[in-house]
Amino acid sequence: VPPVVSPVGENVIAVDHGRTGFLANTTEEWVKAFETLARDPDLRNKIGEAGMEKVKNEYSHEAVLKRYVNALETL
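Here the residue numbering is sequential within each chain, running from 1 through the sequence in written order. Under the rules for a predicted model, residues below a pLDDT of 70 receive no local features and side-chain atom pairs below 80 are neither given nor counted, while totals for whole chains, interfaces and linings still include all residues. Based on all heavy atoms of the structure, the side-chain values leave hydrogens and waters out of the count.

*Asks:* How do you make sense of the overall build of the protein when you look at a structure like this?
*Replies:* Only DSSP runs of H or I covering at least 4 residues are called helices, and only runs of E covering at least 2 are called strands; the numbering of each starts at the N terminus. What the protein contains, in helices and strands, is four helices and two strands. Along the protein, helices (α) and strands (β) appear in the sequence β-α-β-α-α-α when read from the amino end. Based on C-alpha atoms, the radius of gyration is set beside the globule rule, defined as 2.2 Å times the residue count to the power 0.38. At 15 Å, the protein has a C-alpha radius of gyration far larger than the 11 Å of a compact globule built from 75 residues. Considering only C-alpha atoms, the protein reaches an extent of 50 × 25 × 15 Å along its principal axes. We call a residue buried when its accessible area falls under 20% of the maximum for its residue type, exposed when it is over 50%, and partly exposed in between, using a 1.4 Å probe and counting protein chains only. Among the 75 residues that make up the protein, the fraction classed as buried is 25%. Within the protein, counting contacts between residues at least 6 apart in sequence, those at least 24 apart form 43% of the total. Any two residues whose heavy atoms approach within 4.5 Å at even a single point are treated as in contact.

Put into structure tokens, the structure is as follows:
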């Protein structure tokens, strides 16, 4: 599922606008993002898959554990 989120906090880092989701601030931006996704099932799939890949590589417990272990090994 491709995310449409407000550009606040971690959302700005977690979502690459147009690649892993959409950042929307105004009502017009929200409507445009939803209309774009509603009209293009291939884009929905592409963005949804890219978002899941980013979460897996950067935010999953496995990814965080690897960074933690690397940090400890450098001490």
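Structure shown, so let's carry the discussion forward.
*Asks:* Help me understand the side chain of K54 in this model?
*Replies:* For K54, the location among the structural elements is in helix α3 (residues 41-58). Any pair of nitrogen or oxygen atoms within 3.5 Å is treated as a polar contact; in protein, a donor-acceptor pairing is required on top of that, and neighbouring residues in sequence qualify only through side-chain atoms on both sides. There is a polar contact of 3.4 Å between the side chain of K54 and the backbone oxygen of A14. Ignoring sequence-local partners within four residues, the contact set of K54 consists of I13, A14, V15, D16, T20 and Y59.

*Asks:* Explain the nonpolar core here, please?
*Replies:* Among the buried residues, those of types Ala, Val, Leu, Ile, Met, Phe, Trp, Tyr and Cys that are joined through side-chain atoms within 4.5 Å form a nonpolar core. Grouped together as the largest cluster of nonpolar side chains are seven residues: V4, F22, A24, A33, L37, L43 and I47. For this core, the secondary structure elements donating two or more residues are α2 (27-39) and α3.

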